[in-house]
Amino acid sequence: MLKSGIHWLLAGVVACADSRAPTVPPGVALVQSETKLEVFDAQSPEDAAPRRFVIRRVEQCVVPPTPSEDGGTIDVQFDVRYGPDERQVLDVAWPNVPFKGLVVIVHGGGWTAGAKKLFVPTIRLLASLGYVGVTVNYRLARGFANAHPVGLGDVRCAIREAQAQVELRKLNANKLVILGASAGGHLAAMVGVNGDDPSSDGACARKGPIHPRGVIAYYAPLELDRAHDHYPPKMVQAVDELLRVDGGPEDWDKRARTATPNHFVDGADPPVLLLHGSDDRIVPASDSRAFSQLLEGAGVPSLVVELPGQDHGFAVLGKKESIRPATCTALAFIEDALR
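Conventions used here
Residues numbered from 1 in each chain as written. Predicted model: local features only at pLDDT ≥ 70, side-chain atom pairs only at ≥ 80, totals over all residues. Heavy atoms only, no water. 1 Å grid on protein atoms, 1.4 Å probe; cavity = no way out; pocket = protein on both sides within 12 Å on 5 of 7 lines; lining within 4 Å. Points joined across faces, edges and corners; volume = space filled by probe spheres on them. Nonpolar A, V, L, I, M, F, W, Y, C, P; charged D, E, K, R; others polar. pLDDT = per-residue confidence, 0-100. Contact = heavy atoms within 4.5 Å. Pairing = 2+ DSSP bridges. Helix = DSSP H or I, 4+ residues; strand = E, 2+ residues; numbered from the N terminus. Axes fitted to C-alpha atoms, helices over the stretch in contact; angles between N-to-C directions. Salt bridge = Lys/Arg side-chain N within 4 Å of Asp/Glu carboxyl O. Buried < 20%, exposed > 50% of the residue type's maximum accessible area, 1.4 Å probe, protein only. Disulfide = S-S within 2.5 Å. Phe/Tyr/Trp six-rings, centres within 6.5 Å; stacked < 30°, edge-to-face > 60°. Lys NZ or Arg CZ within 6 Å of the ring centre and 35° of its normal. Parallel < 35°, antiparallel > 145°, perpendicular 65-115°, else oblique. Right-handed = clockwise from strand over helix to strand, strands pointing away.

## Examining empty space enclosed by the protein
Point 1. All chains considered together, the criterion is met by 1 cavity of 30 Å³ or more.
Point 2. Taken as a whole, the largest cavity spans an internal volume of roughly 50 Å³.
Point 3. Residues of the lining of the largest cavity, tallied by class, amount to 7 nonpolar, 3 polar and 1 charged.

Here it is as structure tokens:
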């Protein structure tokens, strides 16, 4: 059912907040952005080139169980800072099996709500598979504060902090996939197609290009420049809140273009997997189809997995049979991108 208020845009798996203090292995110090202000660049020259692979659609697979919080087999660091604001924090789940890569998850919520804690079970699952799983908070667009590109800049800062944490353990921080759900999918796509653009970085402690090896976007709004003629009223309200435009229609059009990933697609973009429900009443599946066509036209591998009968907000890496093709394809995509 469609929920009232802006919170219908929350995406992903619901989890209870974990109030435990961050745990840090002996000899490893947390790097805090507010005190460590050096420029960070995890990219080597060969990582600047786009990586190409055939995106496989996988209908069925064995989805492993999420490790229990009481088992103690997955080390999770909570509230690692990447900036001075209380929202500029991230959680990191470390694998207890050989390292395969880094997966950063961006939550949804219409850019005005949502929290990283929703994906703590998901990053624990990823860690059990060998990936460093990261879930990030970013400043929310509310009232007259934090309009675009504040949230985008926070996501970019958080990704670099996550890479720094990985490098502290002498692991390859260039093996990166960005995953986002709903509004988080929009932000993930923006980073993916515009990773070299520092204009949104603001006061980021760590600066430099971001070159993910793949992007996964669950039911992402990708045509913000068409919002008023394209989305239902509550989604239009969310887009207007994000853009915070006071200069009239021309100003709105200009700002909306800067927040629409379609306008940044080129042949240097990483492969993109798009997952969407055919019955999405918040963000039409045509957003994913149109974005995929643009990517393919630019020579960028892309795949849309459209789930029959699914509405907005189905579980990210969920285990239900009805969404198994999305989960299995996403897991295969991560494996192939980071191989």
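## Description of the confidence of the model for the protein
Point 1. Averaged over the protein, the pLDDT score is 86; the fraction of residues at 70 or greater is 84%.
Point 2. Predicted confidence for residues 1-40 stays below pLDDT 50, and this span has 97 contacts to residues more than four positions away or in other chains.

## Describing the sheet that holds strand β6 (residues 214-218)
Point 1. One open sheet accounts for 8 strands, arranged β1-β2-β4-β3-β5-β6-β7-β8; its pairing is mixed. Each edge of the open sheet carries a strand with a single partner, namely β1 (75-81) and β8 (302-307). Pairs of neighbouring strands in the sheet enclose a mean axial angle of 15°, with direction left out of account.
Point 2. Pairing between β1 and strand β2 (residues 89-94): 5 bridges, direction antiparallel. Opposite D75, over in β2, you have W94 as the bridge partner.

## A look at the pattern of salt bridges
Any two side chains of opposite charge can pair, given that their charged atoms come close.
Point 1. Following the criterion strictly, the structure yields 16 salt bridges and no others.
Point 2. Note that R57 and E59 form a salt bridge whose closest N and O atoms lie 2.5 Å from each other.
Point 3. The class of E59 is partly exposed, set by a relative accessible area of 39%.
Point 4. The salt bridge partner of E321 is R324, with a shortest N-O separation of 3.6 Å.
Point 5. The class of E321 is partly exposed, set by a relative accessible area of 49%.
Point 6. Among the residues examined, R324 registers a relative accessible area of 15% and is labelled buried.

## Some remarks on the state of the cysteines
Point 1. All chains considered together, the criterion is met by 2 disulfides.
Point 2. The disulfide bridge from C61 ends at C328, spanning 2.1 Å between sulfur atoms. Between C61 and C328 the sulfur-sulfur dihedral comes to about -85°; the bridge is accordingly left-handed. In this pair, C61 is assigned in the segment before β1 and C328 in helix α8 (residues 324-338), connecting sequence segments 267 residues apart.
Point 3. We classify C61 as partly exposed; its relative accessible area is 25%.
Point 4. Bridging C157 to C204, the disulfide has an S-S length of 1.4 Å. The disulfide joining C157 to C204 has a torsion of about -85° about its S-S bond and is therefore left-handed. Of this pair, C157 sits in helix α2 (residues 150-168) while C204 sits in the loop between α3 (183-193) and β6, and the two are 47 residues apart along the sequence.
Point 5. Residue class for C157 comes out buried when judged on its relative accessible area of 8%.
Point 6. Take C204: its relative accessible area is 7%, and that puts it in the buried class.
Point 7. Here the disulfide map of the protein reads 1-4, 2-3, the bonded cysteines being numbered as they appear in the sequence.

## Description of the packing of aromatic side chains
Point 1. Enumeration according to the criterion identifies 4 aromatic pairs in this entry.
Point 2. Pairing Y219 with F314 gives two aromatic rings, centres 4.9 Å apart and planes at 75°, and the pair type is edge-to-face. Taken together, the residues span a long stretch of sequence, with Y219 in the loop between β6 and α4 (227-230) and F314 in the loop between β8 and α8 at a distance of 95 residues.
Point 3. With a relative accessible area of 6%, F314 lands in the buried category.
Point 4. Through successive ring pairs, a cluster of aromatic residues spans Y218, Y219 and F314.
Point 5. The ring of W94 has R169 sitting right over it, with the charged end atom 3.7 Å from the ring centre.

## Thoughts on the packing of helix α5 (residues 233-243) against helix α6 (residues 249-258)
Point 1. Running from amino to carboxyl end, α5 crosses α6 at an angle of 90°, the nearest separation of the two axes being 10 Å. By the angle between their directions, the pair α5 and α6 is classed as roughly perpendicular. Two secondary-structure elements touch here, α5 through V239, D240, L242 and L243 and α6 through W252, R255 and A256.
Point 2. When its residues are assigned to classes, the contact of α5 with α6 shows 5 nonpolar, no polar and 2 charged.

## What about the pairing of β6?
Point 1. In terms of burial, β6 is a largely internal element, 5 of the 5 residues being buried.
Point 2. By the bridge criterion, 5 bridges tie strand β5 (residues 176-181) to β6 in an arrangement that is parallel. Bridge pairing in β6 links L179 to I216.
Point 3. Between the parallel elements β5 and β6, the chain passes through α3 in a crossover that is right-handed.
Point 4. The sheet contact formed by β6 and strand β7 (residues 272-277) spans 4 bridges and is parallel. Its bridge partner lying in β7, A217 is registered against L274.

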